[in-house]
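Now for the letters of each chain:
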Number of protein chains: 2
Amino acid sequence: MLIRNIFADLPVEVDCEHFETLLECVNFKLERIVSHGQATTEGEWYDQGHDEWVILLKGSAGLLIEGEDEIRQLMPGDYLFLPAHLRHRVEWTHAEGETVWLALHDQAHRLSVLSPPLQKGG
Amino acid sequence: MLIRNIFADLPVEVDCEHFETLLECVNFKLERIVSHGQATTEGEWYDQGHDEWVILLKGSAGLLIEGEDEIRQLMPGDYLFLPAHLRHRVEWTHAEGETVWLALHDQAHRLSVLSPPLQKGG
């Protein structure tokens, strides 16, 4: 049986974000993302045509959702569901060391939330 | 935006394993599993009709694959792909505290591995 570790084989090149597809099928894609202090370009937003579920596993990040006043700070273990076309930005990722994300992209556009997330903080 | 933490709201009942569906769609299901020292019943095997991708996020576990001599020890961050009908057993989970897993079940039976995992250890 083949076993890997999500925190192993981290890229040494810190000038860019690294995307690695761990699994892909017709309807979804599972991806590891490693950031090194990167943020979404100023003035730009992610506006995806598909639903995404994402968990931060190492490091930290600041996430801004369009229409919200405050940047949400994500710590290890924090996860959220981003419906298609919910515009959002990564304002910052931890400047020291790696920030590791696991992202599940629904490519069938049929993702539904069974377990409504609890609100964190205020 | 609603954010939860995978390590929060852990069940207090330690006499059983707890399964929580985080997301479900037509083709896949994402599940948090919390174990408290549980193991697969002696002499029994998991023999699933679907592919599964699983990552251990907290605690530790011993996994035995049918036909292998050695139990594989899983530590936080370790993940693997379990094709349908690959018979396997959880020999043990950490006796103290929780072992937290994130499991992605492919319900479309069409999962394919793009990125072949590296062998861990020997």
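Quantities reported herein were computed from a predicted structural model and do not represent experimental measurements.

*Asks:* Just checking my understanding: could you explain the sheet that holds strand β9 (residues 99–106) of chain A for this structure?
*Replies:* Sheet strands pair via backbone hydrogen bonds, and the direction of the pair is either parallel or antiparallel. In space, the 6 strands of this open sheet follow the order β2(A)-β3(A)-β9(A)-β4(A)-β7(A)-β1(B), with antiparallel pairing throughout. In this open sheet, the two edge strands, each paired with only one partner strand, are β2 (18–24) of chain A together with β1 (3–5) of chain B. Here the average twist between neighbouring strands, direction ignored, is 20°.

*Asks:* Teacher, can you tell me more about the sheet that holds strand β8 (residues 88–93) of chain A here?
*Replies:* Residues and elements named next belong to chain A. Taking strand neighbours across the sheet as the criterion, the 3 strands line up as β6-β5-β8 in an open arrangement whose pairing is antiparallel. Of all the strands in the sheet, just β6 (72–74) and β8 have a single pairing partner and so form its edges. Adjacent strand axes in the sheet meet at a mean angle of 30°, parallel and antiparallel pairs treated alike. Inspection of the sheet shows strand β5 (residues 61–65) paired to β6 by 3 bridges, in the antiparallel sense. Across the sheet, the residue bridging to A61 is L74, located in β6.

*Asks:* For this particular structure, what's the right way to read the side chain of A:T40?
*Replies:* Residue and element names in this part refer to chain A. By the element assignment, T40 lies in the loop between β3 (28–35) and β4 (52–58). Taking relative accessible area as the criterion, T40 reaches 13% and is therefore assigned buried. In contact with T40, other than residues within four places in its own chain, are Y46, R89 and V90.

*Asks:* In this structure, what is going on with the packing of aromatic side chains? I would like to understand it.
*Replies:* Here the distance between the centres and the angle between the planes together describe a pair of aromatic rings. Residue and element names in this part refer to chain A. Scanning the entire structure with this criterion turns up 3 aromatic pairs over all chains. Each ring, one from W53 and one from Y79, has its centre 5.2 Å from the other, and the planes form 35°; the classification is tilted. Taken as a pair, W53 in strand β4 and Y79 in strand β7 (residues 78–82) lie far apart in primary sequence, 26 residues in all. In this pair, the class of W53 matches that of Y79, namely buried.

About the criteria used
Counting restarts for each chain, with residues numbered from 1 along the sequence as it is written. Following the order in which they are written, the chains are lettered starting with A and the ligands numbered starting with 1. Local features are withheld for residues below a pLDDT of 70 in this predicted model, meaning they are given only at 70 or higher, and side-chain atom pairs are given and counted only at 80 or more; totals for whole chains, interfaces and linings count all residues. Derived side-chain values reflect all non-hydrogen atoms in the structure, with water molecules and hydrogen atoms excluded from consideration. Strand pairing is defined by DSSP finding a minimum of two bridges between the two strands. Here a helix means four or more residues in a row that DSSP labels H or I, a strand means two or more in a row labelled E, and each is numbered from the N terminus. Fitted lines through C-alpha atoms give the axes, limited to the stretch in contact for helices. The angle between two N-to-C directions lies from 0 to 180 degrees. Per-residue accessibility, obtained with a 1.4 Å probe over protein chains only, is compared with the maximum for each type, and a residue is labelled buried under 20%, exposed over 50%, and partly exposed between these values. The contact criterion used throughout is that any non-hydrogen atoms of two residues lie within 4.5 Å. Two rings from Phe, Tyr or Trp (for Trp, the six-membered ring) form a pair when their centres are within 6.5 Å of each other. A pair whose planes differ by under 30 degrees is stacked, one over 60 is edge-to-face, and the rest are tilted.

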